[in-house]
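# Descriptive structure summary
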Amino acid sequence: PLSKQPQLAGLERRGRANYDSLQILFKTRLTSNSRVDAAYTYSRSKADFGLTDSNGGSSDWALQDVNNPDLDFGLSDINRPHMFVANAIINLPSLKDSNAWVQAFFGGWEVATILQFTSGTSLTPIIAATGLSFDPDGPAGPLAVRNFQAGFTGTGTGVANQPPLRTTASCSPSGNDPTQFINPGAFTLVGVHIGDLSPVESRGACLGSPIKNVDLSFYKNFTPEWLTESWFGEAARIQFRVELFNA
């Protein structure tokens, strides 16, 4: 009876992933109450499925060939080659040898900063399995245009698991448009043959938008006598703070 079925669908939960990294941590104390911490990671994440995909249904990361999963074992969707994070807390001089006004307004300030610079994650453009169509008997024939139900590879399903070819063009766009972080010319369908599987080199070949975050704070704690002698107690403080950060 199964021979009369047009197709058989199967759902399998499996996958293979690998992560390698080199991590460097730097810590130092500048003075008794000032310090700088910095961490850098160079890494590579590879997988044959989407590490951010846990929808429980059909996936855009479906294998092109279940009998040859190595075809999809490439840079994963969480791959960030470079990650740098640093933070610092620096206490400026208290100016205790100056008069009371100078100490109050200019002494005892603290500077704190947090820096984060990371690569974008690897991107894989994909084409829906029904994204290509053909006319079986030409424009003059009576038959309607049909979709390639299995995509141009011939092994696709109803999901978009077929990457185009990677070209020799740079992934970086040539213009100054901040909303365009990848060069469309980095991928092409020119040279694709119906029935050929997409090469693994196309997977994660370009990186998305990087992260560049800077947070800088200047602050000073004041302990006026009227506050410390109030019901708040001796530990009470008033803090004046100025914070700068990029959005």
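Residues numbered from 1 in each chain as written. Predicted model: local features only at pLDDT ≥ 70, side-chain atom pairs only at ≥ 80, totals over all residues. Heavy atoms only, no water.

Time to look at the state of the cysteines. Counted by the stated rule, this structure contains one disulfide. Residue pairing for Cys171: its cysteine sulfur links by disulfide to Cys206, the two sulfurs lying 1.9 Å apart. Taking the sign of the torsion about the S-S bond as the criterion, the disulfide between Cys171 and Cys206, at about -70°, is left-handed. Here Cys206 lies in strand β11 (residues 206–207) and Cys171 lies in the loop between β9 (165–166) and β10 (187–188), a separation of 35 residues in the sequence. Residue class for Cys206 comes out buried when judged on its relative accessible area of 1%. (Disulfide = S-S within 2.5 Å. Helix = DSSP H or I, 4+ residues; strand = E, 2+ residues; numbered from the N terminus. Buried < 20%, exposed > 50% of the residue type's maximum accessible area, 1.4 Å probe, protein only.)

Moving on: the pairing of strand β2 (residues 34–47). As judged from the 14 bridges shared by strand β1 (residues 17–31) and β2, these two strands associate in the antiparallel manner. If you follow Tyr19 over to β2, its bridge partner there is Ser45. Both β2 and strand β4 (residues 82–91) contribute to a ladder of eight bridges, which runs antiparallel. Across the sheet, Tyr40 pairs through a bridge with Phe84, a residue of β4. Pairing analysis gives two bridges linking β2 to strand β3 (residues 74–75), with the strands arranged antiparallel. Looking at the pairing, Lys46 lines up with Leu75 of β3. (Pairing = 2+ DSSP bridges.)

Among the structural elements, Asp37 can be located in strand β2. Side chain to side chain, Asp37 and Arg35 meet in a polar contact 3.0 Å long. Other than its neighbours up to four places away in sequence, Asp37 contacts Phe26, Lys27, Thr28, Val85, Ala86 and Asn87. (Polar contact = N/O pair within 3.5 Å; in protein donor to acceptor, adjacent residues only side chain to side chain. Contact = heavy atoms within 4.5 Å.)

If charged atoms from side chains of opposite charge come close, those side chains can pair. As enumerated under the stated definition, the model contains three salt bridges in all. Between Arg35 and Asp37 there is a salt bridge, and its shortest N-O distance comes to 3.0 Å. Note on Arg35: relative accessible area 30%, which makes it partly exposed. A relative accessible area of 15% places Asp37 in the buried class. (Salt bridge = Lys/Arg side-chain N within 4 Å of Asp/Glu carboxyl O.)

The topology assignment puts Thr118 in strand β5 (residues 110–118). The exposure class of Thr118 is buried, given its relative accessible area of 10%. Side chain to side chain, Thr118 and Arg80 meet in a polar contact 3.4 Å long. Excluding residues within four positions of it along the chain, Thr118 makes contact with Arg80, His82, Met83, Phe84, Pro210 and Ile211.

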